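# Structural features, examined
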Amino acid sequence: MKRIIAINCSPRATWNTATLVREAAKGAQEQGAEVKIIDLYKLEKFTGCISCFGCKLADNLGKCVCRDGLSPVLDAIRTADGLIIGTPNYLGDVSASFRALYERLIFQSLTYKTEVRSYNQKQIPVLMIMTSNVSEDFYAQIGYDEMLKRYQGTLSTFVGPTKTLISSDTLQVKDYSRYNWTMFDPEHKKERHENVFPEDKKKAFVMGEQMVNGTWE
């Protein structure tokens, strides 16, 4: 049985990002995988890489030695057969918790050697989900597409072949009338959440299936 780790890197445990992560997890489960879902913001305190270089010493090559709330997550990914990881777009980048995990996950595998780039010998499929308030039509104009490509490229190199799923122009809150936000059309947001977001959920489900059934390309 394949083991999939699904990680929600949003502080909101039931909103857009979390929903898509869980839909992808359901798709993997539908194909017979054992899935562990983790909400990073519910973990005990953790940090990004602290630059101790313990993962470069002979006794711990490729393994982060910093012990905190992220340690069990890194251990679980190390033995997993697939990784689903979702983040909201915050200020044109990933969430702080995603970045902390990303630093720890990638840096432990980096060899600093010219002959071999990575200590990680086990490549696993990765699905990176990003939700954003802005429309996907603007991604190229404001550089979000290049930002995503960088994360996708690094994850592909050091973890495994990575696909991305973007869910854009999302509903941020249930009741827009509580806020004086003049940039948004609440009715448009609600309509899109009702008609487009379900399609994003279906895409996530299918990609979760593909991660397990051998059609990941």
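Summarised in this report is the structure supplied together with it.

Criteria and thresholds
Residues numbered from 1 in each chain as written. Predicted model: local features only at pLDDT ≥ 70, side-chain atom pairs only at ≥ 80, totals over all residues. Heavy atoms only, no water. Phe/Tyr/Trp six-rings, centres within 6.5 Å; stacked < 30°, edge-to-face > 60°. Buried < 20%, exposed > 50% of the residue type's maximum accessible area, 1.4 Å probe, protein only. Lys NZ or Arg CZ within 6 Å of the ring centre and 35° of its normal. Salt bridge = Lys/Arg side-chain N within 4 Å of Asp/Glu carboxyl O. Helix = DSSP H or I, 4+ residues; strand = E, 2+ residues; numbered from the N terminus. Pairing = 2+ DSSP bridges. Lys, Arg positive; Asp, Glu negative; His and termini not counted. Polar contact = N/O pair within 3.5 Å; in protein donor to acceptor, adjacent residues only side chain to side chain.

Taken as a whole, this structure holds ten aromatic pairs when the rule is applied. Centre to centre, the rings of Tyr179 and Trp181 are 4.5 Å apart; their planes meet at 15°, and the pair counts as stacked. On the basis of relative accessible area, Tyr179 is assigned to the partly exposed category, the value being 33%. Geometrically, the ring pair formed by Trp181 and Phe184 is edge-to-face, given 5.8 Å between the ring centres and 85° between the ring planes. What makes Trp181 partly exposed here is its relative accessible area of 36%. For Phe184, a relative accessible area of 21% puts it in the partly exposed group. Pairwise contacts between aromatic rings join Tyr176, Tyr179, Trp181 and Phe184 into one cluster. Here Lys56 stacks its cationic end above the ring of Tyr112, 5.9 Å away from the centre of that ring. The ring of Trp216 is capped by Lys163, whose NZ or CZ atom sits 4.4 Å from the centre of that ring.

Pairs may arise between side chains of opposite charge once their charged atoms sit close together. The tally for this structure, following the rule as stated, stands at 13 salt bridges. Residue Asp169 pairs with Arg192 through a salt bridge whose shortest N-O separation is 3.8 Å. In this pair, Asp169 is assigned in the loop between strand 5 (162-167) and helix 6 (186-195) and Arg192 in helix 6, connecting sequence segments 23 residues apart. Counted as one network, the salt bridges with shared partners bring together Arg22, Asp39 and Lys42.

A separate point is the pairing of strand 5. Among the six residues of strand 5, five are classified as buried, and the element is accordingly described as predominantly covered. Here six bridges tie strand 4 (residues 126-131) to strand 5, and the two strands are oriented parallel to one another. Bridge pairing links Thr131 to Ser167 in strand 5.

Quick look at the side chain of Asp200 now. Checked against the element boundaries, Asp200 lands in helix 7 (residues 197-213). We note that Asp200 is buried and unpaired, the nearest opposite charge coming from Lys203 at a distance of 4.1 Å. Engagement of the side chain of Asp200 in a polar contact is seen with the side chain of Ser167, the distance being 2.8 Å.

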